[in-house]
Amino acid sequence: MSIGTAWRYLRVGGIRALAHKVSAARPASMIRPLRRGARFARRLRRGAHTPLHVVVKHELGGGAGAYHEAWVRSVHREGHCVVELSYLVRAQTYSVLVRAPRHRMRYRTARLADVVEPLTHCTDVRSIRYNNAVSFPEPLAVPELLIELRRVTGAPLRMELHDYYASCPSAFLLRKDGSHCGMPDVRVCDACLSRDAHLAMPVPAGMSVRHWRAAWGGALGRADHVVTFSHAAAELVARAYADLDLHITVEPHAPNGRPLRRVKPPKGRKLHVGVVGDIAWHKGADVVLDVAEYLLVQRPDALITVIGELDARRAIPRNVRVMGRYVRTQLPTLLERAGVNVLLFPSPCPETFSYVMQEVGDVGLPVVGFDLGAQGEHLAANPVGRAVQL
């Protein structure tokens, strides 16, 4: 399941709707039975001197997932082991997955804190890493866990901010109407939260953004490395935590595979807009529909082709074709066959980074998107990119 699809179910029906979808899509026989935490402790004691990394991550895939998998492959080449702490939505339980270079074992636990004691027996914990916690039912337990793991293991804590969840329960900084908030004063944030903004998960009654940032700021303030993947994301995080004077490192993602070949522009002048990716609501589904409806009136011969999925919450206009999921390496061929001559990156949220934007930049077609976030940085650096005001 893609992160866009997962987000769709979280938005519409919460954690139970997502769990039901996962159950329907993945038979129970495909999921390994989870062992008890005592076995996890014994296994860690046997391998106490193995270089180990502990990572908190979600199971929703997306760019954060791709980044994590590339990193796991790199540490496995060095013979290191990775312990992943995540939340299994279907089972509605926390998961501890031990990934060694040649084998893996999964365990379950009722509480994230249960993993702390077994890890005290490991003498060579190389790092504690935060990747993502969207979908975790107890999000404020995560920074507490990270702080405690850093204390008991003595390992450096690395906070990788793939979205804005450590700054706001609305992980993409979107208001309820889908517009970007700009990370305003915390009083404005609290008013937005009370109106049920576009939240990653429901928050407890009475929760304030000030309380949220006090919890997550504890981990950020103690982190040895705070990493974002674009300068725009670093600026927004620094604005949220101006009182902490965070030292943020910007590390743009390495390409997710070899660069794609350039596309041969089609002949003719008919406008054909291409949209690439899993376009959920927070990725600009409404923007695509708005553009399509405008073109029906102003440019009736124009077409839009979505190479990927489109989470449409209203009728899809007749000038839009949705092709479904695609293989990355086939993207140039798909664009050529469709006759696309300009690309639209519709995301209204300030991306922290985007593999899709990287891919559409490779193919050489003109690209239009909004002047915010990482997409704005990409468009400014692209000779055929154009950033417009949201």
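Bear in mind the structure is a predicted one, so any value in this text is a computation, not a measurement.

Our next topic: the environment of Gly 364. Along the polypeptide, Gly 364 turns up in the loop between α11 (355–362) and β13 (367–370). Residue Gly 364 is classed as partly exposed on the basis of its relative accessible area, which comes to 22%. Measuring from C-alpha to C-alpha, the distance between Gly 364 and Asn 382 comes to 9.0 Å, with 18 residues separating the pair along the chain. When sequence neighbours within four positions are dropped, the list of residues in contact with Gly 364 reads Arg 262 and Val 384.

Contact geometry for helix α5 (residues 141–153) and helix α7 (residues 209–222): axes closest at 8 Å, N-to-C directions at 30°. In terms of orientation, α5 and α7 fall into the roughly parallel class. Classified by chirality, the crossing of α7 by α5 is left-handed. Between α5 and α7, the contacting residues are Val 142, Pro 143, Leu 146, Ile 147 and Arg 150 on the first element and Ala 215, Trp 216, Gly 218, Ala 219 and Arg 222 on the second.

Here the structure, examined in full by the defined rule, presents three cavities of 30 Å³ or more. Of the pockets and cavities examined, the largest cavity occupies roughly 40 Å³. Lining the largest cavity, in full, are Val 55, Tyr 67, His 68, Trp 71, Arg 129, Asn 131 and Glu 160. By residue number, the principal contributor to the lining of the largest cavity is helix α3 (residues 62–77), which donates three residues. Along the lines of polarity and charge, the residues of the lining of the largest cavity split into three nonpolar, two polar and two charged.

Should their charged atoms come close, side chains of opposite charge can pair. On inspection of all chains with the given rule, the structure shows 18 salt bridges. With its nearest N and O atoms 3.8 Å apart, the salt bridge here joins Arg 314 to Asp 286. Highlighted residues: Arg 314 in the loop between β10 (303–310) and β11 (320–322) and Asp 286 in helix α9 (residues 285–298), separated in sequence by 28 residues. Its salt-bridge partner being Arg 314, residue Asp 290 comes within 2.5 Å of it at the nearest N-O pair. With Asp 290 in helix α9 and Arg 314 in the loop between β10 and β11, this residue pair connects regions lying 24 residues apart in the sequence. The exposure class of Asp 290 is partly exposed, given its relative accessible area of 42%. Using a relative accessible area of 32% as the deciding quantity, one classes Arg 314 as partly exposed. In the salt-bridge network here, residues are joined through shared partners; they are Asp 286, Asp 290, Glu 293, Arg 313 and Arg 314.

This part takes up the sheet that holds β10. Read from one edge to the other, the open sheet built from six strands follows the order β11-β10-β9-β12-β13-β14, with strand pairing classed as parallel. Sheet topology places β11 and β14 (385–388) at the edges, where each strand pairs with a single neighbour. Put simply, the sheet's adjacent strands are angled 25° from each other on average, direction ignored. Examined bridge by bridge, strand β12 (residues 342–345) and β13 share three bridges and lie parallel to one another. Residue pairing in the sheet places Phe 345 in a bridge with Gly 369 of β13. The sheet contacts of helix α10 (residues 331–338) involve β9 (272–279), β10, β11 and β12, and relative to β10 the element is tilted by about 150°. Packed onto the sheet, helix α12 (residues 373–381) meets β12, β13 and β14 and runs at close to 145° relative to β13.

Conventions we followed
Residues numbered from 1 in each chain as written. Predicted model: local features only at pLDDT ≥ 70, side-chain atom pairs only at ≥ 80, totals over all residues. Heavy atoms only, no water. Helix = DSSP H or I, 4+ residues; strand = E, 2+ residues; numbered from the N terminus. Buried < 20%, exposed > 50% of the residue type's maximum accessible area, 1.4 Å probe, protein only. Contact = heavy atoms within 4.5 Å. Axes fitted to C-alpha atoms, helices over the stretch in contact; angles between N-to-C directions. Parallel < 35°, antiparallel > 145°, perpendicular 65-115°, else oblique. Left-handed = near helix turned anticlockwise from the far one by under 90°. 1 Å grid on protein atoms, 1.4 Å probe; cavity = no way out; pocket = protein on both sides within 12 Å on 5 of 7 lines; lining within 4 Å. Points joined across faces, edges and corners; volume = space filled by probe spheres on them. Nonpolar A, V, L, I, M, F, W, Y, C, P; charged D, E, K, R; others polar. Salt bridge = Lys/Arg side-chain N within 4 Å of Asp/Glu carboxyl O. Pairing = 2+ DSSP bridges.

Limitation: the analysis is restricted to geometry and does not speak to function.
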